[in-house]
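Architecture and fold: a report
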Amino acid sequence: MPKYFLGLDSSTQSLSSVLIDLDSGKIIDDRALNFDSALPDYKTTNGVNRAQDPAVVHSSPLMWAEALDRLFQGMKKDKLPLGDILAISGSGQQHGSVYMNGNAAKQFRDMDLNGTLADNLARVLSRPSSPVWMDSSTSAECEEIRAVLGGKDATVAATGSDAFERFTGPQIRKFAKREPGAYKQTGHIALVSSLMSSLVAGQISPIDVGDGAGMNLMDIAGFTWHPAALEATAPDLRQKLPPIAASDTVLGVVNPYLVLRYGLNPACKAVIWSGDNPCSLIGTGLVSPGMIAISLGTSDTLFGAMSACETDPRGEGHVFGSPAGGYMSLICFKNGSLAREKVKDQYGYDWDRFSQALRDTPVGNQGKLMLPWFDPEIVPRVPAPGVKRKNLDEQDGDANCRAVVEAQMMSMRLHSAWMGEKPACIYATGGASANTEILRIMADVHNTPVYRQETANGAALGAALRAAQAFTQTPWPDIVGPFTQPLPGSKVAPDPQAAAIYDQLINEYAAFEQENL
Ligand code: ADP
Ligand code: XUL
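Residues numbered from 1 in each chain as written. Chains lettered and ligands numbered in written order. Predicted model: local features only at pLDDT ≥ 70, side-chain atom pairs only at ≥ 80, totals over all residues. Heavy atoms only, no water.

A closer look at the nonpolar core
- Ranked by internal contacts, the top residues of the largest apolar core, which has 144 residues, are Phe72, Ile88, Met100 and Leu195.
- Of the residues forming this core, the biggest block, nine residues, is contributed by helix α17 (residues 397-415).
- The residues that make up this core include at least three from each of domain 1 (4-278) and domain 2 (285-454 + 487-517).
- Counting 21 residues, the second largest nonpolar core, distinct from the first, contains Ile27, Ala467, Ala468 and Val480. (Core = buried A, V, L, I, M, F, W, Y, C linked by side-chain atoms within 4.5 Å. Buried < 20%, exposed > 50% of the residue type's maximum accessible area, 1.4 Å probe, protein only. Helix = DSSP H or I, 4+ residues; strand = E, 2+ residues; numbered from the N terminus. Domains from an automatic or database assignment.)

Comments concerning the pattern of salt bridges
- Per the stated rule, a full pass over the model turns up 22 salt bridges.
- Arg353 is the salt-bridge partner of Asp398, the closest N and O atoms lying 3.1 Å from each other. On the criterion of sequence distance, the pair formed by Asp398 in helix α17 and Arg353 in helix α16 (residues 351-360) is long-range, its members being 45 residues apart.
- Take Arg353: its relative accessible area is 31%, and that puts it in the partly exposed class.
- Among the salt bridges present, the one from Arg402 reaches Glu406, with a minimum N-O distance of 2.8 Å. A residue pair is termed a helical-turn pair when its members lie 3 or 4 positions apart in one helix, as Arg402 and Glu406 do in helix α17 at four residues. (Salt bridge = Lys/Arg side-chain N within 4 Å of Asp/Glu carboxyl O.)

Examining the domain arrangement of the protein
- In terms of domains, the protein is made up of domain 1 (4-278) and domain 2 (285-454 + 487-517).
- A C-alpha centroid distance of 27 Å is found between domain 1 and domain 2.
- Taken together, the contacts link 34 residues of domain 1 with 31 residues of domain 2.
- Of the roughly 2500 Å² buried at the junction of domain 1 and domain 2 (both faces included), carbon and sulfur atoms supply 56%.
- When the buried surface of domain 1 facing domain 2 is broken down by residue, Trp133, Phe164 and Asn277 rank first, second and third, together holding 22% of it.
- Between the two partners, domain 1 and domain 2, sit three salt bridges.
- Note that Glu165 is salt-bridged to Arg381, the shortest N-O span being 3.0 Å.
- At the boundary of domain 1 and domain 2, one finds 13 residue pairs in polar contact (both at pLDDT 80 or more).
- Counting only elements with at least two residues in the side of domain 1 that touches domain 2, the list comes to α6 (152-159), α10 (209-212) and α14 (276-283).
- With three residues, α6 is the single largest residue contributor to the side of domain 1 that touches domain 2. (Contact = heavy atoms within 4.5 Å. Buried area = accessible area lost by both parts, 1.4 Å probe. Polar contact = N/O pair within 3.5 Å; in protein donor to acceptor, adjacent residues only side chain to side chain.)

A short note on helix α2 (residues 61-77)
- For α2, built from 17 residues, the straight-helix expectation of 24 Å at 1.5 Å per residue is met to within 8% by its first-to-last C-alpha distance of 25 Å.
- The complete set of buried residues in α2 reads Pro61, Met63, Trp64, Ala65, Ala67, Leu68, Asp69, Leu71, Phe72 and Met75.
- The opening residue of α2 is Ser60, an N-cap whose side-chain oxygen sits 3.1 Å from the backbone nitrogen of Leu62.
- Trailing α2 by a residue or two, Lys79 shows a phi angle of about 60 degrees, which is positive. (Expected span 1.5 Å × (residues − 1).)

Topic: the site of ligand 2
- Close to ligand 2 lie Gln94, His95, Trp133, Arg166, Asp276, Asn277, Ser299, Thr301, Leu330 and Cys332.
- Contact distances for ligand 2 include 3.0 Å between an oxygen atom and a side-chain N or O atom of Asn277.
- Starting from 290 Å² of accessible surface for ligand 2 in isolation, the protein chains cover 96%.
- Where the shell around ligand 2 is concerned, the elements lending two or more residues are α14 and β20 (327-333).
- Class assignment for the residues of the shell around ligand 2 results in three nonpolar, five polar and two charged.
- For the shell around ligand 2, the domains that each give at least three residues are domain 1 (4-278) and domain 2 (285-454 + 487-517). (Near = heavy atom within 4 Å. Areas by Shrake-Rupley, 256 points an atom, 1.4 Å probe, with all protein chains shown as cover. Nonpolar A, V, L, I, M, F, W, Y, C, P; charged D, E, K, R; others polar.)

Details of the packing of aromatic side chains
- Evaluation of the coordinates by the stated rule reveals nine aromatic pairs.
- Measuring from centroid to centroid gives 5.4 Å for Phe72 and Tyr262, while their planes differ by 15 degrees, and the two rings are stacked. With Phe72 in helix α2 and Tyr262 in helix α13 (residues 256-262), the pair connects residues that are 190 residues apart, well separated along the chain.
- Taking relative accessible area as the criterion, Phe72 reaches 0% and is therefore assigned buried.
- With a centroid separation of 5.1 Å and 80 degrees between ring planes, the pair formed by Trp351 and Phe354 is classed as edge-to-face. Placement of both Trp351 and Phe354 in helix α16 is noted, with a separation of three residues, approximately one turn of the helix.
- A residue is classified by how much of its surface remains accessible, and Trp351, at 36% relative accessible area, is partly exposed.
- Clustering of aromatic rings is evident, with ring pairs tying together Tyr99, Phe175 and Tyr183.
- The ring of Tyr99 has Arg127 sitting right over it, with the charged end atom 5.0 Å from the ring centre. (Phe/Tyr/Trp six-rings, centres within 6.5 Å; stacked < 30°, edge-to-face > 60°. Lys NZ or Arg CZ within 6 Å of the ring centre and 35° of its normal.)

Now the structure itself:
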C-alpha cells in the first residue's frame, strides 16, 4: 500500500499541488492552476483585483473555492491515485481574510452536493471580496491598535510583530469601522488557509499557530487569542474567530463532497492548513535552527527556524509559530516577483533575455542603483509607490534588470541583520528560484552558497510533508530529509570578488534607501 500525501497551496497567483509518496521519498505529481488564465471570470491580474487606490488589493474567495474544484477535476482526469491518498493538508497566502455569516458552520458540514464549492461558499459570505496580503490601506487602524496595546514594542512583544497594514487584525478593524452592518452580520472570519482547510474538511477549521501569528491577534508566547489585541481590534471579535490549534492537528476525515466528486478515500484525513511561509519552512527542510531560506514568489520572503521567540527590535520582521514546533522568523518584501516582471516587461524581455542582461552586466552595476518600489513596500515601510533610480538611466534595459535584483538582495541582507549569525547556506524556493542568474546575485550579496530543490513549490511540498507528519507522527527530520535535499549540481557558490564589491555597495544602497524614506 503506497503512502501518498497531498499538499495544496492557495497562493496569490495560483492554486497548486504536490503529491508525494512517503515510502519512495518521491514527488509523484506537481501541478498548478493559474487564476488569471484558468478562471478569467474573476478578472484578476496576478491573482488580485486592484482598486483605484493602489493601497487596496482584494481577491474573490469564490475564486479560491472554484480553483479547488478545478484542480481536483484535473487530477481526476489525469487518473492520479486520488483514492489512495492518506491525508491532505495545505498552505495559504497569509493574512488575507474571509467574512462569513452565522450559517457558515452548517454550510461547511452539510454541503449541497449538487452545487460546487463556490456555490456553497457564496451562500454564506458576508463580504464579497477578501483583502489580501498586498493590501496596505490600514495605516490608521495599525496606529490605533498599536496605541491601545502600548506602542510598537508592546505590540511586538504581545503578538510577535508590530501592527502591519496587511495583517488580519488591522484589516478586520477597517471592515468593522467602515461597514459596521456587514461586520455585525459576520459570524465567522477565516484566513485563506482556514477557509480552504474548512472546505477540505467539511467543517469550520481552526487557525494554526503558524498563520495565526500573522494577524496581530495571537499571543505569541502562549499561542492563544490575545484578549487585549482582540479588544483593540473590533467588537465581539472573539465570537467570530475559530479556535487556534497546533499545526499538526488532524481535523477528521475529508469532506464527503470530495469523496463523491473526485473519488477520495472516505478515510482520507484532513490536516489543518497553515500559511505559505510556515509551509515553505517545512518544504525547504528547515525543521531546526541554523539555515535560512529565501522564497522568491509573488512576495520575496526570507525566513528561518528559531530556537526561542526572538523578535526584531526594529519591528520590521515577524515571529510566527513553526509547524515543526517552536518559532520561525520572517521578513516579507512586497516588491518581489512582480517588480522583476515589471522591469522585464518594460523592456519587452522574456526571462531568458532578462537572465542574459544579468550575465551581460557587471557585478555592482557600476554603482547604478534602484529602489524598486513599484508597489507600496512592507520592508522598509514605504506607504506610496515610487521607483527611485540613482546613476541609472531608465532607458538602459540591461542595467535596470541588474539593478532591480541587486536592490532586492541587498535589501534582504540589510533588513535581516537582526536574525543574528550569517547562515551556512541559503535554500531558495518559489517561482523565480528557477532562475540561476538571480540566485547568483543572491549568493554573492549574502556571501553564502545557495541551493535549489527539486520543486520550486516549497509551500505545497511543505503542506504535503505536514500531512505526512501529522498522519504518521514520524520525527520531523525523517519526514523532510528525503524530499528536501538540494538538487545535485544546484549549488551556486559565492564569488569572493563579487562579495567584496557588494560589501561596499550595500553601504551606498542603505544610504540611498534612507534618503528616500
Ligand atoms: P506565488 O506562490 O506567490 O503565487 P510563485 O512562487 O508561483 O508565486 O512564483 C510566481 C512568479 O515566479 C511569477 O510571478 C514570475 O515572476 C516568477 N518566475 C517564474 N519563472 C521565472 C524565471 N525564469 N525567472 C524569474 N522569475 C520567474
Ligand atoms: C508574509 C506575506 C506574504 C504572503 C503571500 O508575511 O505577506 O509572503 O504570505 O505569499
